[in-house]
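Overview (structure and organization)
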Amino acid sequence: MNTNQFELIGLAGRLLAWYDREKRDLPWRRSKDPYRIWLAEIMLQQTQVSAVIPYFDRFLQTWPRLSDLARAHDDQVMKAWEGLGYYSRARNLLAAARLIETRFSGVMPSEEKELLSLPGIGEYTAAAIAAIAFGRPVVAVDGNLVRVFARLTATDWDPSNLSQRRQVRRVAESLLPPGRPGDYNEALMDLGATICLPRRPGCSACPLTELCLAFHQDQVDRYPAKPRRRPRPVENKIVLVLIWQKKFHVSRRPAQGLLAGLYQFDWLSPSVLREGQAADLALAQMYPGAKISWLGEKTHDFTHRQWQLGGYAVQVEARPELKTGIWVDRRTLAALPFPAALTGYRERVLLL
Ligand code: SF4
């Protein structure tokens, strides 16, 4: 770190004075209840604050205490999570709540090492809970924080590089103010989320301009180092909604892997399509006499892949022989936890 020209020693004081004036009023900041802070941190992984707030409020209404969540039914939790994405977070949340009940007598552990032993809690979340809920002198470092410190120190840190994240953590922790580790963490989070943005940071409103090396060098856009991106693979898939006597055929995805444990419609296997054959022709041959309706196209982005979907509803007279899955009525279909990629198709077929 180059702090020869611009010392960061006054950073915490300036940052906290700004935070005391400008901090965001967020529902999980209204108490130091470790359960609330943990729940918020899990929901905020990969998700915007504005999207998290209604889910956070609903979760707390349904499961006000950790012990309530630990006793919840899996499907109920998955349903409550529907639309928030990255469903492994919900499964891990539930598994961790149950572990806290059994292994830690229902009390959220306060040490990072113990927190890290719980499903779904990585380095960032463990440090955030330890600092905010328990006042431990640690700093949670995510991509936003790497960006802020890369600019402050004009260093080519790359947010995707784990060892560089740890370097940033050491720097940030060396500047921790005594007695306010939670506020220091939240102030840095606010700065990264509202001022020191990836593009066009609001340096004129930043409490740290005087200390910021990149700002003084007029090189803010140069930092942080840009990670090399690999192109995301695209998967073309055809969704098949089979309807028989006003019932819909669904199955549950495997307990592990992408969208684990959620429900889905059937897929038209590419092997069914002969070269160049349109899907509706293939469906007409597979289900003679069925009423076939096109449900439209949809693109859904995951972190590491993209689904390009086309959907068909196939209303059949005779019950097809299917080895797996169940037939459900409208009400059940609407209540089952479904991945966001398929909820648009579900809404369409519920109107048929
Ligand atoms: S001065 Fe600008 S670049 Fe530097 S920390 Fe503040 S917002 Fe970020």
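Residues numbered from 1 in each chain as written. Predicted model: local features only at pLDDT ≥ 70, side-chain atom pairs only at ≥ 80, totals over all residues. Heavy atoms only, no water.

**Examining the packing of helix α3 (residues 49-62) against helix α5 (residues 74-81)**
In a packed pair of helices, the relevant descriptors are the angle between the two axes and the axis-to-axis distance. For the pair α3 and α5, the least separation of the axes is 10 Å and the interaxial angle reads 155 degrees. Taken as axis vectors, α3 and α5 run roughly antiparallel relative to one another. Relative to α5, α3 is oriented so that their crossing is right-handed. From α3, Y55, F59 and T62 reach across to α5, where they touch Q76, V77, A80 and W81. (Axes fitted to C-alpha atoms, helices over the stretch in contact; angles between N-to-C directions. Helix = DSSP H or I, 4+ residues; strand = E, 2+ residues; numbered from the N terminus. Parallel < 35°, antiparallel > 145°, perpendicular 65-115°, else oblique. Left-handed = near helix turned anticlockwise from the far one by under 90°. Contact = heavy atoms within 4.5 Å.)

**Overview of the packing of helix α8 (residues 123-134) against helix α11 (residues 181-195)**
Relative to each other, α8 and α11 sit at 130 degrees, their axes nearing to 7 Å. Taken together, α8 and α11 sit at an angle that is classed as oblique. Contact with α8, carried on its side by Y124, A128, A131 and I132, involves P181, G182, N185, E186 and M189 of α11 and no other residues of that element.

**Topic: the nonpolar core**
W38, M43, F59, L69, W81 and F265 are the most contacted members of the largest nonpolar core, which has 69 residues in total. Take this core: its biggest share by element is nine residues, from α8. Inspection of this core shows a minimum of three residues originating in each of domain 1 (11-222) and domain 2 (234-350). Beyond its immediate chain neighbours, meaning those up to four positions away, W38 contacts L66, L93, A96, A97, I100, M108, I121 and I129. (Core = buried A, V, L, I, M, F, W, Y, C linked by side-chain atoms within 4.5 Å. Buried < 20%, exposed > 50% of the residue type's maximum accessible area, 1.4 Å probe, protein only. Domains from an automatic or database assignment.)

**Observations regarding the domain arrangement of the protein**
What the domain assignment reports for the protein is domain 1 (11-222) and domain 2 (234-350). The distance between the C-alpha centroids of domain 1 and domain 2 comes to 37 Å. Tallying the contact residues gives seven residues for domain 1 and 18 residues for domain 2. At the boundary of domain 1 with domain 2, total buried surface from both sides reaches about 840 Å², with 47% on carbon and sulfur atoms. When the buried area of domain 1 at its contact with domain 2 is split by residue, D75, E82 and Y87 rank highest and sum to 48% of it. Counting across the domain 1 and domain 2 interface gives two salt bridges. In this structure, R252 and D75 form a salt bridge, with 2.6 Å as the shortest nitrogen-oxygen distance. Between domain 1 and domain 2 we count eight residue pairs in polar contact (both at pLDDT 80 or more) in total. Grouping the amino acids of the side of domain 1 that touches domain 2 by side-chain chemistry returns three nonpolar, no polar and four charged. (Buried area = accessible area lost by both parts, 1.4 Å probe. Salt bridge = Lys/Arg side-chain N within 4 Å of Asp/Glu carboxyl O. Polar contact = N/O pair within 3.5 Å; in protein donor to acceptor, adjacent residues only side chain to side chain. Nonpolar A, V, L, I, M, F, W, Y, C, P; charged D, E, K, R; others polar.)

**A closer look at the environment of A127**
Looking at the secondary structure, you find A127 in helix α8. Remark: the alpha-carbon pair of A127 and L115, spanning twelve residues in sequence, is separated by 8.7 Å.

**Notes on the packing of aromatic side chains**
All chains considered together, the criterion is met by nine aromatic pairs. Ring centres 5.5 Å apart and planes at 65 degrees place the aromatic pair W244 and W327 in the edge-to-face group. With W244 in strand β1 (residues 234-244) and W327 in strand β7 (residues 326-328), this residue pair connects regions lying 83 residues apart in the sequence. Assigned by exposure class, W244 and W327 land together as buried. Arranged with centres 5.4 Å apart and planes meeting at 75 degrees, the rings of W267 and W307 form a pair that is edge-to-face. Taken as a pair, W267 in strand β4 (residues 266-267) and W307 in strand β6 (residues 306-316) lie far apart in primary sequence, 40 residues in all. (Phe/Tyr/Trp six-rings, centres within 6.5 Å; stacked < 30°, edge-to-face > 60°.)

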